Amino acid sequence: MQKKEERMDESVQAAADVPEEIKLEPAIPLVALRGLVAFPHMVIDFEIGRSESRKAVDASIAADRRIVLVTQRDQAVTSPKTKDLYRTGVICEVRQVLRGRETVRVLVEGIARIRINKFMEPDAEVPYWRCTGKALRTYTKSKTDPIEMQAICKTVKEEFVTNCRLAHNIPREFAEMILSEEDGQKLFEGIWSNVDFNYRDRQLMLEEGSLFLRLTMLYAVLMRENEVLKYEAEIQSNVQSRIDQGQREMFLREQLRAITEELGDDADSSTDPQQYLERIAALNASDEVKEKLSKEAKQLAKMPAGSQEAYVISNYLDTALALPWGVYTKEKLDIEKAADLLDKEHYGLKRVKERVLEAMSVHVMQPKLQGQIICLVGPPGVGKTSIAQSVAKALGRSYVRVSLGGIRDEAEIRGHRKTYVAAMPGRIIEAMKQAKSMNPLILLDEIDKLSGDFKGDPAAALLEVLDSAQNHAFRDHFLEVPFDLSEVMFLTTANNASQIPAPLFDRMDVIELNSYTREEKFHIAKEHLIKKQIKANGLKAAQIRISDAAIYDLIDYYTREAGVRTLERTIASLCRKCAKTILTEGMRRVIYTPELLESALGPHKFIGDYYAKTDSVGMVNGLAWTSVGGVLMPLEVLTMDGKGEITVTGSLGDVMKESARLAISYARSKARKYDINPELFKTKDIHIHAPEGATPKDGPSAGVTMLTALVSALSGIPVRHDIAMTGEITLHGHVLPIGGLVEKSMAAYKNGIRTVLIPAANVPDLAELDEVVREAIDFIPCETVETVLETALIPPHYDTKLEPLHPDDATKITLPLSPKHPERRKTVKSSPV
């Protein structure tokens, strides 16, 4: 037995007639091969078509029949340069040349590997490739453990057996001969010449001189090729099984058809190509549409009845023919009746009703006018979806609702290609199919909830739908023919207009729906919701009554929302309890009053807004907007001995914190005017707080409230409790406009506040207020904070606690208040600071 320390020289059987370094000079001809790699001691034949390659073969035969074969790095290159050729090739001897009309077939035998030092491209003197270099041994000298060599040979044979089983392209005799080889060199050369490898892998093995490393590379390549062959076999098996199943189904269907004809039963002719052609001819569609559908129907006639392709085409034709080509509903254009219907079904919403009636009026004057797209923006529950139904009813159009919430695939709008499995048209075409007319009213609900991902942006797909210049020829991916959407009236709804993409937003006429006021909720409940729930719960109007005071209590203490959905659910709960009471206690009628609500619905779920109810120092009633309406938001300021530090609490956002800093800076700059000792900003700590600290608060509209509370706390002057305010301030004391004035004013009205300070720039917004609110509240426009402070601060009945710096300089000043309350003017003693 050989010991492990014994070593074996791999080059014993190498080509000893070729020294390791022989300079090939002068230069010898060279042929660049595409997708083919030569190897020493192996005979290969190949075709050459390039002129320079034929001339190189001719020059080799005219000399000593030696020629160098080098492989191109990219076989797609037709005119290679030096950079396109590998540096390691094989010097060969030309054995035979067969010449044809356009190509030359050459048979060569490899002699030795060659490392090329220099390439010489064809030129005018020598019109073929040449090179110089040095010849290398086929197998370089190296020492390898015999056990390792035996192990690698065994693993290579195992992978070769697997390759033979999967490829089925090697004769059994050759395979057995190769597997019987014990010598590593012969095993490598046998597999090299019989297995089809990629030319790049062959080149890497040619450049490697060590036999052990070559066998290792051969093993890796074989293993990868076997994995590919396994996947190919699996794919072929799956495809074959599907083909067999399809043929079986077709055979059975033909048998079923023959049996049906023998029995005399009527076969299903709904997918008969001839019937499709007749229905297409009867369509009121364009020639382009008819031509496309007829082409598909004729293609269907050539296909087996049970094939998958036939099913795809028949499904396509059924969908296309179900669309309302050229079908229109007759519109109702009586403006007065439409207005009565809208008023009957919806309380309030004046702007929406006016806009719809305007659109109807224009349509009467100009029937061909297109591009009227209305977007209703407002909080949940304010009637955006229901108003669309009423508009469709008033116009006499078909109504279809398309929910866009959560859609993130562009194919949901444009559809899928009909060749895909389970393909279907987009939601717009499905809506037209459902409407059964070319001029319906389509509601695109929750358009602000669209989102995009790697599948596309559905908002971008809607641009064509909502653009009057393009939607007359809308193309769905499934339909593949133009469809006219120009007669469709689109209404869209959204909760937040800022989340609608700008190009889409630009195509719509936006109408904002504000939160319902307390009075509007009362009328909606009394005139609509109570009647609706009485009917829905099987009651009669004589069996239940909810008093007006009870309705107000339901609104104030059991709901807090912008719309009326929770209010409707609460009324439904009362109706259910009424039904139970009538059946169990034998009562004929139940009357709900505020006193009985707590026994029916439990204690109050919501309490009134917290606000200042007495004139206080450092406490001011502010106004804030929320998603469920406006609220009173008092702000408190407290001063204490300290080092001039400022603390802000109450879950305030960054914008409100900036407003607090603005207020402090302005108060310091105007300290003398309001009898504030500047030293207080160094010796007092200031704490600003907004109650209900668990509720996040942000926005600039609390600027005037903070400033008033701060001046009050520092000067000791109390603030009127019967006043509320809102507005953004600047560093120079100007009051800027704010949003949500309608909701904020309603909050003040609900809590009994009858004087509200607003920015002067917001005066035009007062026209949108309910008439009851506008008459009940005294709105004081303010351009500067001086007006705010003069109106809100009450001069104290006592001297200021600040001692004058110079007693002799004490003066009398008058602090003016609101012009509407001249009786409150007070003259107080003050001292300049």
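I will try to describe carefully the structure that is included in this document.

So, how was this worked out
- Residues numbered from 1 in each chain as written.
- Predicted model: local features only at pLDDT ≥ 70, side-chain atom pairs only at ≥ 80, totals over all residues.
- Heavy atoms only, no water.
- Helix = DSSP H or I, 4+ residues; strand = E, 2+ residues; numbered from the N terminus.
- Buried < 20%, exposed > 50% of the residue type's maximum accessible area, 1.4 Å probe, protein only.
- Areas by Shrake-Rupley, 256 points an atom, 1.4 Å probe, with all protein chains shown as cover.
- Axes fitted to C-alpha atoms, helices over the stretch in contact; angles between N-to-C directions.
- Parallel < 35°, antiparallel > 145°, perpendicular 65-115°, else oblique.
- Contact = heavy atoms within 4.5 Å.
- Nonpolar A, V, L, I, M, F, W, Y, C, P; charged D, E, K, R; others polar.
- Pairing = 2+ DSSP bridges.
- Salt bridge = Lys/Arg side-chain N within 4 Å of Asp/Glu carboxyl O.
- Phe/Tyr/Trp six-rings, centres within 6.5 Å; stacked < 30°, edge-to-face > 60°.
- Lys NZ or Arg CZ within 6 Å of the ring centre and 35° of its normal.
- Expected span 1.5 Å × (residues − 1).
- Disulfide = S-S within 2.5 Å.

**Section: the overall build of the chain**
In terms of regular secondary structure, the chain is built from 26 helices and 28 strands. Across the 833 residues of the chain, 48% fall into the buried class. Approximately 43,400 Å² of the chain is accessible, and the part contributed by carbon and sulfur atoms is 51%.

**Notes on the packing of helix α19 (residues 565-585) against helix α20 (residues 594-601)**
Where α19 contacts α20, the axes come no closer than 11 Å and their chain directions differ by 85°. Considering the angle they form, α19 stands roughly perpendicular to α20. The residues of α20 that touch α19, namely those facing Thr570, Ser573, Leu574 and Lys577, are Leu597, Ala600 and Leu601. In terms of residue class, the contact of α19 with α20 is built from four nonpolar, two polar and one charged.

**Observations regarding the pairing of strand β21 (residues 684-689)**
Note: strand β19 (residues 629-641) against β21, six bridges, orientation antiparallel. Residue pairing across strands places leucine 638 opposite histidine 687, the latter belonging to β21. The pairing of strand β20 (residues 646-649) with β21 spans four bridges and is parallel. Note that in β21 the partner of threonine 647 across the bridge is histidine 687.

**Some points on the sheet that holds strand β15 (residues 509-512)**
Across a sheet, strands are paired by hydrogen bonds formed along the backbone, either parallel or antiparallel in direction. Taken in spatial order, the five strands make up an open sheet running β10-β11-β14-β9-β15, and their pairing is parallel. Edge positions in the sheet fall to β10 (399-403) and β15, since each has one partner strand and no second. In this sheet, adjacent strand axes meet at a mean angle of 20° when their direction is disregarded. Sheet topology note: the strand β9 (residues 373-377)/β15 ladder contains four bridges and is parallel. When the bridges of β15 are listed, isoleucine 374 appears paired with aspartate 509. In the packing of helix α11 (residues 350-365) onto the sheet, the strands contacted are β9 and β15, and the crossing angle to β15 comes to about 150°.

**Things to note about the pattern of salt bridges**
Pairing is possible between side chains that carry opposite charge, provided their charged atoms lie close to one another. All told, the structure shown has 23 salt bridges when counted by the stated rule. Two residues, glutamate 480 and lysine 292, come together in a salt bridge whose shortest N-O distance is 3.1 Å. Taken together, the residues glutamate 480 in the loop between β12 (474-475) and β13 (482-483) and lysine 292 in helix α8 (residues 287-301) connect sequence positions 188 residues apart. Between aspartate 448 and lysine 449 there is a salt bridge, with its nearest N and O atoms 3.2 Å apart. For lysine 449, a relative accessible area of 32% puts it in the partly exposed group. A cluster of three or more residues bridged by salt bridges with shared partners is formed by Asp45, Glu47 and Arg105.

**Topic: the packing of aromatic side chains**
The tally for this structure, following the rule as stated, stands at seven aromatic pairs. Here arginine 202 stacks its cationic end above the ring of tryptophan 192, 4.8 Å away from the centre of that ring.

**So, helix α12 (residues 384-395)**
For α12, with 12 residues, the first-to-last C-alpha span of 17 Å sits near the 16 Å given by 1.5 Å per residue. Every buried residue of α12 is listed here: Lys384, Ile387, Ala388, Ser390, Val391, Ala392, Ala394 and Leu395. Packed against the buried residues of α12 are α10 (335-345), α11, β9, β10, β11 (441-445) and β14 (489-494).

**Some remarks on the environment of isoleucine 738**
Residue placement: isoleucine 738 occurs in the loop between β24 (735-736) and α24 (741-750). Look at isoleucine 738 and you get buried, because its relative accessible area is 12%. In the structure, isoleucine 738 is positioned 36 residues away from alanine 702 in sequence and 9.7 Å away in space, judged by C-alpha atoms. Excluding its chain neighbours within four sequence positions, the residues that come into contact with isoleucine 738 are Ser701, Thr726, Gly727, Glu728, Lys744, Pro759 and Asn762.

**Concerning the state of the cysteines**
With the rule as written, the count across this model stands at zero disulfides. Distance from the sulfur of cysteine 575, which forms no disulfide, to the nearest cysteine sulfur (cysteine 578) is 6.9 Å. A relative accessible area of 0% means that cysteine 575 is categorised as buried.

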